[in-house]
Amino acid sequence: MSIATYRGRFAPSPTGLLHAGSLSTAVGSYLEARCRGGQWLLRMEDLDPPREVPGAAADILRTLEAFGFEWDGEVVYQSRRHDLYGDALRQLIASGHAYACCCTRKEIAAAAQRGLDGYVYPGTCRNGCPDGRAGRAWRLRVTPGESVVRDRLQGEHRQNLARDIGDFVLLRADGFWAYQLAVVVDDAEQGVTDIVRGADLLVSTPRQLAVYAALGLPAPTYCHLPVLTNEAGEKLSKQTLAPAISGADAARQLRAALTLLGHAPPAECGDLAELWRWALASWSLASVPLGPLRLRVGSLPGVGLA
Ligand code: GLU
């Protein structure tokens, strides 16, 4: 008899410290995994050194620990897994799903329309690079038609990859692996069955489903949690100057994150251990709002979005 196992994960990028938005994603993915009797893995997505903040990876781990998160197994660092991504790319090249592209950003901007996430690649190198030009990046050849994500919270999300995204990058011209390839290779290799993450990544999910399909791998289920925004409706992020959260104020911030996720703890849950006990006993995806969750100035401790 086989017992279905749930394996979730949290996969922060050390391009900044944890803030109220990333905390609520971590809380949601953790509670969903634990309430389903599953494992919860931690993966550091450190594949883009130019965008990384020195010390952020260690700070993120310390902060998660101070909040009382308990992850299963060792933390996985993408920066140590280049061979896996290389193997996957070789497989995609051999099966005709990936092709080399010599186009510069400037050339693409001059020839392409804007789509859902930047320019839609116009397909210049689909049948080979123009004479005398060498490939600089590798792209996935997308297939025509509509891609459907059946999200556990957001419902059906449809996207026409060929029209709205185009053939997308797997290995960048600067030699760095693209998130879209690495995230799929890692989730598959780590046996992740259920992905719970921020709704800002929903636009990426059809690309990731295309990578799973091209590699012949089964896709996980998806649940995209509402993102937190500031009063102007901008997603909380390093770019919108979201303040970092601190383990020193963990109980108040955990309470705030749970409240935003539709699970306001009773006043008598005072400390971290009580809050987690209550949250583990009370968590239900059905109570999570679809969002986006707009924060008012001062509505979260440590979040002064003036
Ligand atoms: N590393 C990504 C981020 O911090 C998340 C990736 C994912 O959850 O798929 O936005």
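These numbers come from a predicted model, not from an experiment. (Residues numbered from 1 in each chain as written. Predicted model: local features only at pLDDT ≥ 70, side-chain atom pairs only at ≥ 80, totals over all residues. Heavy atoms only, no water.)

**Concerning the site of the ligand**
As a reminder of what qualifies: For this description, a residue counts as near a given molecule or strand if any of its non-hydrogen atoms is within 4 Å of it. Polar contact is defined as a pair of N or O atoms within 3.5 Å, subject to the rule that within protein one atom must be able to donate a hydrogen and the other to accept it, and that residues adjacent in sequence are counted only when both atoms are side-chain atoms. Each residue receives one of three labels: charged for Asp, Glu, Lys and Arg, nonpolar for Ala, Val, Leu, Ile, Met, Phe, Trp, Tyr, Cys and Pro, and polar for the others, Gly being one of them.
In the vicinity of the ligand, the contacting residues are Arg9, Ala11, Pro12, Ser13, Glu45, Tyr179, Val183, Arg197 and Leu201. Ala11 is positioned with one of its backbone polar atoms (N or O) 2.7 Å from a nitrogen atom of the ligand. With respect to the ligand, the side chain of Arg197 contributes an N or O atom lying 2.8 Å from an oxygen atom. Along the lines of polarity and charge, the residues of the shell around the ligand split into five nonpolar, one polar and three charged.

**Here we look at the environment of Ser287**
Selection rule: The way it works is that DSSP assigns letters per residue, a run of H or I at least four long becomes a helix, a run of E at least two long becomes a strand, and they are numbered from the N terminus. When accessible area is computed with a 1.4 Å probe and restricted to protein chains, residues below 20% of their type maximum are described as buried, those above 50% as exposed, and intermediate ones as partly exposed. Only heavy atoms matter for contacts: two residues are in contact if any of them lie within 4.5 Å across the pair.
Within the secondary structure, Ser287 is located in the loop between helix H9 (272-282) and strand E14 (293-294). Note on Ser287: relative accessible area 35%, which makes it partly exposed. Expressed as a C-alpha distance, the spacing of Ser287 and Gly262, which sit 25 residues apart in the sequence, is 5.4 Å. Beyond its immediate sequence surroundings of up to four residues, Ser287 is in contact with Leu261, Gly262 and His263.

**Considering the packing of helix H1 (residues 20-35) against helix H8 (residues 250-260)**
When two helices pack together, their arrangement is captured by the angle between the axes and the distance separating the axes. Quick note on the threshold: All axes here are fitted lines through C-alpha atoms, helices being fitted over the stretch that makes contact, and every angle between N-to-C directions spans 0 to 180 degrees. Here is the rule for angles: anything less than 35 degrees is roughly parallel, anything more than 145 is roughly antiparallel, 65 through 115 is roughly perpendicular, and the remaining ranges are oblique.
Between H1 and H8, the shortest axis-to-axis distance is 9 Å and the interhelical angle comes to 75°. On the basis of their axis angle, the class for H1 and H8 is roughly perpendicular. Contacts from Leu23, Ser24, Val27 and Leu31 of H1 reach H8 at Gln253, Leu254, Ala257 and Leu258. A class-by-class count of the residues in the contact of H1 with H8 yields six nonpolar, two polar and no charged.

**Comments concerning the sheet that holds strand E3 (residues 76-77)**
Rule in force here: A pair of strands is treated as paired once DSSP finds two or more bridges between them.
Strands sit in the order E1-E2-E3 across an open sheet of three strands; the sheet is parallel. Each of the sheet's edge strands pairs with one partner strand only, and the pair in question is strand E1 (7-10) and E3. Sheet analysis places strand E2 (residues 39-44) next to E3, joined by two bridges and oriented parallel. Bridged to Met44 within E3 is Tyr77.

**A look at the packing of aromatic side chains**
The criterion, for reference: Note on ring pairs: Phe, Tyr and Trp rings are taken, using the six-membered ring of Trp, and paired if centres are within 6.5 Å. Classes follow the plane angle, with under 30 degrees stacked, over 60 edge-to-face and the rest tilted. In this scheme, the term charge over a ring applies when either NZ of a lysine or CZ of an arginine sits within 6 Å of the ring centre and within 35 degrees of the ring normal.
According to the stated counting rule, one finds seven aromatic pairs in the structure shown. Between Phe69 and Trp276, the ring centres sit 5.1 Å apart and the planes meet at 70°, which makes this aromatic pair edge-to-face. Highlighted residues: Phe69 in the loop between helix H2 (56-66) and E3 and Trp276 in helix H9, separated in sequence by 207 residues. For the pair Phe69 and Trp276, a shared accessibility class is recorded, and that class is buried. In this structure an aromatic cluster arises from ring pairing among Phe10, Tyr30, Trp40, Phe69 and Trp276. The ring centre of Tyr77 lies 4.2 Å from the NZ or CZ of Arg80, which sits over that ring. The ring centre of Tyr119 lies 4.3 Å from the NZ or CZ of Arg114, which sits over that ring.

**Some remarks on the environment of Glu231**
Assignment of secondary structure puts Glu231 in the loop between strand E13 (228-229) and H8. What makes Glu231 partly exposed here is its relative accessible area of 45%. In sequence terms Glu231 and Leu295 are 64 residues apart; their C-alpha atoms lie 6.0 Å from each other.

**Re the nonpolar core**
Put simply, the test is: Throughout, nonpolar core names a set of buried Ala, Val, Leu, Ile, Met, Phe, Trp, Tyr and Cys residues whose side chains join them through atoms within 4.5 Å.
Core analysis: the largest hydrophobic core is formed by 37 residues, its most contacted members being Val27, Leu64 and Phe69. If you list the elements that add at least two residues to this core, you get H1, E2, H2, strand E12 (221-225), H8 and H9. If sequence neighbours within four positions are ignored, Val27 has contacts with Phe69, Leu254, Ala257, Leu258, Leu261 and Trp276. Ala88, Leu161, Phe168 and Val192 belong to the second largest nonpolar core, which has 31 residues in total.

**Looking at the sheet that holds strand E10 (residues 168-171)**
Strands sit in the order E4-E7-E10 across an open sheet of three strands; the sheet is antiparallel. Edge positions in the open sheet fall to strand E4 (98-101) and E10, since each of these has one partner strand only. The mean inter-strand angle of the sheet, taken between neighbouring strand axes irrespective of direction, is 45°. The pairing of strand E7 (residues 137-140) with E10 spans three bridges and is antiparallel. Note that in E10 the partner of Leu140 across the bridge is Phe168.

**A word on the UniProt feature "short sequence motif: 'HIGH' region" (unreviewed entry) in the protein**
For clarity, the threshold we go by: UniProt positions are given in the numbering used here, feature names are shortened, and annotations may be inferred rather than shown by experiment.
According to UniProt, the feature "short sequence motif: 'HIGH' region" (unreviewed entry) maps to residues 12-22 in the numbering used here. Summarising residues 12-22: 27% helix, 0% strand, and an end-to-end C-alpha distance of 8 Å.

**Comments concerning the side chain of Arg81**
Tracing the chain through its elements places Arg81 in the loop between E3 and helix H3 (82-94). Side-chain polar atoms of Arg81 contact the side chain of Glu189, separated by 2.6 Å. When near neighbours in sequence (up to four residues on either side) are disregarded, Arg81 contacts Val76, Asp186, Glu189 and Gln190.

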